[in-house]
Every structure is written in structure tokens, then in C-alpha cells.
Amino acid sequence: MNERDEAVRITKYTDKEISPTFCFAKWYHANIYFQTGETHSCYHPAPHKIDVDEIKTNPSAIHNTKQKIIERQAMLNGQKPSGCQYCWNVENMGPDYISDRKTRSSSIYNEKRLNDVKKGGADFNVNPEYLEVSFGNECNFRCGYCHPKASSRFYNEIKTHGPYTNVKNHRCDINWFDIYEEENNPYLDAFWKWWPELSKELTILRITGGEPTMQRSTYKLFDYLDKNPQPKLELDVNSNFGGKPKQLEKFTDNVNNLLTNKKIRRFKLFTSIDTWGKRAEYIRDGLDINVFERNLDYFMKNTTAPVTFMITFNIFCVTTFQTLLEKILEWRAKYNDVETFRWNRISFDTPYLKEPLQYDINILPKSYVKYMKNHLQFIKENLDDKRKDAFTTMEYEKFRRVVDYMEKTEYEPEKLMLGRKDFHNYFAEQGRRRNVNHETVFPEMEDFFKLCRELV
């Protein structure tokens, strides 16, 4: 049974046993941002603040927050928490569309966890099986759809030039939150206090950013695992692959130590890139495509670990996504030769970007759907679940839902106009600050750029 069919089978069972809106991730997944003291159950709902007083007596409250308990109860009652709208949108398109609620729930499911939820309800202190943490916002990139909370370089830009005052979406103000450094951070202190209990149940720990390869806490964790092995733990790390070679080599050496000495069960690396070449460098400011590929090559040749590309599918991917798909096939042919590795060492996911609105694919004219269908056809023409240098059925299905979502979604005229005005204003201002010009990087989109200009 393939991954898609398994997700359908498991969620049919859990929907019946608990409720049709139940999601295991609300209990057993957590994302925690120590630099701002925020959390959510996955990256679809907006993060919310952790009660700093509550974690003094209950360190697990960095995950088991009051807001999550309310949302868990709503799910148990068959209701749909509004923060989970991404999955409701996918499921509303029909039973053939597999939401992340279904894929994540099926990956977490076992009878013990199901019975623990039935018995404990919404408010027991859950030790998650999957935890994603951000130790800080230190980063050498300033991706336009990111935020100063997650990028020190972006933060410093806003500190110097001020917020983007000419847009409604993604002003990037910094005066409404505090950034906690890695030292003297009460949320990070709670994590280390919780760790002895947390590590008993944890099967996957993922470090995100900022840029983890630059952060002290990443190497503190490496040292801790070296001295206190967790043989059942999978350790995952996000990296932009944009660091200096020595930095990447130090990181790779630590990974190799943990793997070869069996200090952990498995290691995975995740990296974000949305298309290829100069267009990718525009989207992810700070990216040097040559450095990226060199660092990828070093990591792949000096470890046996896999790499997953997290493609934040946004407005600038639409016309040129195939250039990245071609690179993925090239990398699969080059690196999928490790006999001990059962799956693709190079994999990718294509979640569509919801915000900020000026990056949303649904503010494009519907004529742009033709590009999306061409990309989907390219995947289909190179699809073979049995070959490690081809695409998989799950990858095809995940991108198909993005294509169909773009084709079927119709925004109200007011939202469409706002998104297009913000598009022009935001990228014109970004161009002024960063000395870049989207119109020269994406000349094939000139008709859309003109449409947006004329609304301002």
C-alpha cells in the first residue's frame, strides 16, 4: 500500500473512532520558536504566545498551551479550528485530495496514542512524538516571504529602513515583539528542563531557523547527543545551504559522528528552494546558487543522509518551476546510489504559500494556470514509483492539489485588488532597499506586472 492509500485508510479509522476533524498533530506535533516564545502544532496555523509564567512550574507548557487545549477540544467535538484552514481548504475540494491532516495523522498513528487521546482528552500534558524547534533568528538570508522574527538579517533591514508602510500585508514591523537571544532565554531554559521527560517519547526532533548551522544551541545539542545517545531518535535539521564551506564541513562532521557511532537512529536534512538560477536567488535573498549546489554536493558525498527540498510554492514559482524539477531529477540520478538507503535521498514537497498575499499564486490571472499544468505534465511524464531517478505518485498528487487549488480558487474582487496593489508596492520597495528588480528577473510576467502597476 502506498503512502497516499495508507493516509486514507488510517484517517478513515481515526475519524470514526474520535471525530471527522481530529488531527493527531494537535497533540503529538509541536513547533516552538524560542527567540519569540511562540508555538503552534504545525506550520499551517499562526503561532501563538507561550505563557512565560506557566512554564516556570510546567516546562511542557511550551507545547501544551491553553490555546492548543481549546483547539484540541474543538476537534474532539467535530469542529474545525480556524487556524487549520489550509487543510480544510484541501479537503473541501473533494475526497480525492489528501490534506496534511491526513498524511500527518497517519504517520503518527498507533493504538496507544489513539487510546491516550480517548482517555486523556484535550488537556493532558502530552509529550510529542515530533518536535520542531527554532533556537534563534540568526540567519544570513532575508527571504521576502519570511519575517524578521526568523531572520536576523531581515530584522536588521527593518531596523535600518523601517517597516513596509505602503502595504497592508507583510509590513514586517518589529516593534510588537521581543527577540530572545540564545543565552538567558526562559523558553529555551524550559526546553532543557523538559528534555529528560520529553526525550522518552520523542521520535523526531527537527531544528529549524534562522539558520541552525550558525547557532550555538545546535552544536550544544550535538554534544549532548554524543554524550547521551538517543538510539530511537531521528534528528532533522533545516539549512539554507548558504553558509561558508568551513561551517558546512563542521556541521557535516557532527552529523557523521552521530550516525556512524549510532548515537541517533537517523538524520535528515531539509532545505528550502523554490525554483532555480537567478530567479531562485531573487526569491531567497542571500542565496548564491553556486554555493548552494557546492554545499549540497559536499553534504551528499560525505554523508548517507537524505535531503528534502521544502518548496514554498509562491507567485514567482509559477512560470519556472520546471527548472527546479529538472535539477531534482539530475540530483536523484547522481545521489540515489547509496545501497543502504531505502528511499529517495533527494525528495521534495510543494505546500502552497498562503501569506503574505502579494506572494499568493491566486492573485495571478487564470491564464497562468497553463504554466502549472505544464509542470504537472512534466512530473507525470517522469513518474515511476519503482525508479529512484523519477518522481513518485505522492509527489504528483501533492502538486496536483496545488494546480487544482489555483485553477478553482476565485478571490473576491476586493481581495484580488488588494493583493495586486500590495504586490506592486511591496516589490518596488524591496527593489529599492535591496537594489534588485523583479521585472528584469521575471520578464515573462510583464503582463501581470503592468496590471498591478495600473492599480496603484
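Everything numeric in this text was worked out from a predicted model, so none of it was measured. (Residues numbered from 1 in each chain as written. Predicted model: local features only at pLDDT ≥ 70, side-chain atom pairs only at ≥ 80, totals over all residues. Heavy atoms only, no water.)

Draft legend 1. Quick look at the side chain of Thr-208. One can find Thr-208 in strand 5 (residues 204-208). Engagement of the side chain of Thr-208 in a polar contact is seen with the side chain of Asn-238, the distance being 2.9 Å. Sequence-distant contacts of Thr-208, defined by excluding residues within four places in its chain, comprise Glu-132, Val-133, Ser-134, Phe-135, Gln-215 and Asn-238. (Helix = DSSP H or I, 4+ residues; strand = E, 2+ residues; numbered from the N terminus. Polar contact = N/O pair within 3.5 Å; in protein donor to acceptor, adjacent residues only side chain to side chain. Contact = heavy atoms within 4.5 Å.)

Draft legend 2. View of the sheet that holds strand 3 (residues 48-49). Taken together, nine strands build an open sheet; the order of strands is 3-2-1-4-5-6-7-8-9 and the sheet is mixed. Edge strands, defined here as strands with exactly one partner in the open sheet, are strand 3 and strand 9 (346-349). Two elements, strand 1 (residues 29-33) and strand 2 (residues 38-40), share three bridges in a ladder whose sense is antiparallel. Residue pairing for strand 2: Asn-31 is matched across the bridge by His-40. (Pairing = 2+ DSSP bridges.)

Draft legend 3. Local environment of the environment of Val-456. Here Val-456 lies in the segment after helix 19 (446-453). The class of Val-456 is exposed, set by a relative accessible area of 57%. Sequence spacing of Val-456 and Leu-202 is 254 residues, and the spatial spacing of their C-alpha atoms is 51 Å. (Buried < 20%, exposed > 50% of the residue type's maximum accessible area, 1.4 Å probe, protein only.)

Draft legend 4. Main features of the packing of helix 1 (residues 3-17) against helix 6 (residues 100-108). Close contact between helix 1 and helix 6 brings their axes to 8 Å; oriented N to C, the two are set at 85 degrees. By the criterion of interaxial angle, the relationship of helix 1 to helix 6 is roughly perpendicular. When helix 1 is examined against helix 6, the residues Glu-6, Ala-7, Ile-10, Thr-11 and Asp-15 are found in contact with a partner set consisting of Arg-101, Lys-102, Thr-103, Ser-105 and Ser-106. The class makeup of the residues in the contact of helix 1 with helix 6 is two nonpolar, four polar and four charged. (Axes fitted to C-alpha atoms, helices over the stretch in contact; angles between N-to-C directions. Parallel < 35°, antiparallel > 145°, perpendicular 65-115°, else oblique. Nonpolar A, V, L, I, M, F, W, Y, C, P; charged D, E, K, R; others polar.)

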